[in-house]
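Structure at a glance
Listed below, chain by chain, are the residues.
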Amino acid sequence: MRAVRRGPEPQLLTSLTLVHPDRTWDSSGEPEVHAAIVGGLRHQQGNVCAYCERILVLGGRVEHVHPKSIQHCDVRPSSNHNYDWLNLLLVCVSSTHCDGPKSDKHLCEAVVFPDELLRDLAYIAVNSLTGEVAPADGLEPAVRGRLENAIAELNLNDPELAELRLATISMIRNELAESGRVDLARHRASVSGGFPSTIEAYLKP
């Protein structure tokens, strides 16, 4: 998990909420608005899952950070969490990690989410032997605790994810051995790419 910097709200979403401020989420009811939301989220996240950082090869799914089924939230106050741009992220489609285990749990006070993180800080450490992630050293105890909860609740150490991180590390090692550098642009463009925090953690001096 790494920081997600919010981009501007899509104009179609703004128009929808102005005309229908109480509209509930319907995955098939607002196709143009949903396409604009997905496009905006994909751009701001670099086409990787906001939680596990896997490339969104299947298109991804819009995630409501605060569940749309529970309207009250002191951490993410909103009159309508269904179409609140600040409550939306794009995540991978999986039953074993990310939005699968999170489901509609109200975790805002217990978990730190990508859009709460600061862009210039490293939050994740990756074990190069197991592929598992843990909070990086030097984090404030409160942030560390909420990040540990996020890793557990979102199952970010799912064996599939750990294996993919190890494959990413292996790729980096091979590139360094062959050319002495890592072509990050080529990696991001590949279907098997993703895991930018894994790359950053491994290349960190």
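The sections below set out a description of the structure shown in this document. Computed from a predicted structure; not experimentally measured.

Thresholds, definitions, all that
- Residues numbered from 1 in each chain as written.
- Predicted model: local features only at pLDDT ≥ 70, side-chain atom pairs only at ≥ 80, totals over all residues.
- Heavy atoms only, no water.
- Helix = DSSP H or I, 4+ residues; strand = E, 2+ residues; numbered from the N terminus.
- Rg over C-alpha atoms; globule rule 2.2 N^0.38 Å.
- Buried < 20%, exposed > 50% of the residue type's maximum accessible area, 1.4 Å probe, protein only.
- Phe/Tyr/Trp six-rings, centres within 6.5 Å; stacked < 30°, edge-to-face > 60°.
- Core = buried A, V, L, I, M, F, W, Y, C linked by side-chain atoms within 4.5 Å.
- Contact = heavy atoms within 4.5 Å.
- Axes fitted to C-alpha atoms, helices over the stretch in contact; angles between N-to-C directions.
- Parallel < 35°, antiparallel > 145°, perpendicular 65-115°, else oblique.
- Left-handed = near helix turned anticlockwise from the far one by under 90°.
- Nonpolar A, V, L, I, M, F, W, Y, C, P; charged D, E, K, R; others polar.

This part covers the overall build of the protein. Helix and strand counts for the protein stand at seven helices and four strands. Counting from the amino terminus, the protein carries its helices and strands in the arrangement α-α-β-β-α-β-β-α-α-α-α. Against the compact-globule benchmark of 17 Å for 205 residues, the protein has a radius of gyration of 17 Å, which places it among compact chains. Across its three principal directions, the C-alpha atoms of the protein cover 55 × 35 × 30 Å. Counting over 205 residues, the protein shows a buried share of 41%.

Enumeration over the complete set of coordinates arrives at two aromatic pairs. Summarising the aromatic geometry, the rings of Tyr51 and Phe113 are spaced 6.2 Å apart at their centres and angled 45° between planes, so their arrangement reads as tilted. You can see Tyr51 sitting in the loop between helix H2 (31-45) and strand S1 (61-64) and its partner Phe113 sitting in the loop between helix H3 (99-102) and strand S3 (124-126), a full 62 residues away along the chain. Look at Phe113 and you get buried, because its relative accessible area is 1%.

One finds Met1, Ile37, Cys49, Tyr51 and Leu156 to be the most contacted residues of the largest nonpolar core, which totals 42 residues. Elements with a contribution of two residues or more to this core: helix H1 (11-19), H2, strand S2 (88-91), S3, helix H4 (141-153) and helix H5 (159-179). Among the elements that make up this core, the one with the highest residue count is S2 (four residues).

A separate point is the environment of Val91. Residue placement: Val91 occurs in strand S2. Residues Val91 and Leu18, spaced 73 residues apart in sequence, show a C-alpha to C-alpha distance of 26 Å. Apart from the residues lying within four places of it in its own chain, the contact partners of Val91 are Cys49, Ala50, Tyr51, Leu56, Gly60, Arg61, Glu63 and Asp99.

Below, the discussion takes up the packing of H5 against helix H7 (residues 196-203). Put simply, H5 and H7 touch, their axes get as near as 10 Å, and they point 50° apart. In this view, H5 runs oblique relative to H7, as classed from their interaxial angle. The crossing of H5 and H7 is right-handed. Together, Arg165, Thr168, Ile169, Ile172, Arg173 and Leu176 of H5 and Thr198, Ile199, Tyr202 and Leu203 of H7 make up the contact between the two elements. Along the lines of polarity and charge, the residues of the contact of H5 with H7 split into six nonpolar, two polar and two charged.

By the secondary structure assignment, Pro101 is in helix H3. For Pro101, a relative accessible area of 24% translates into the label partly exposed.

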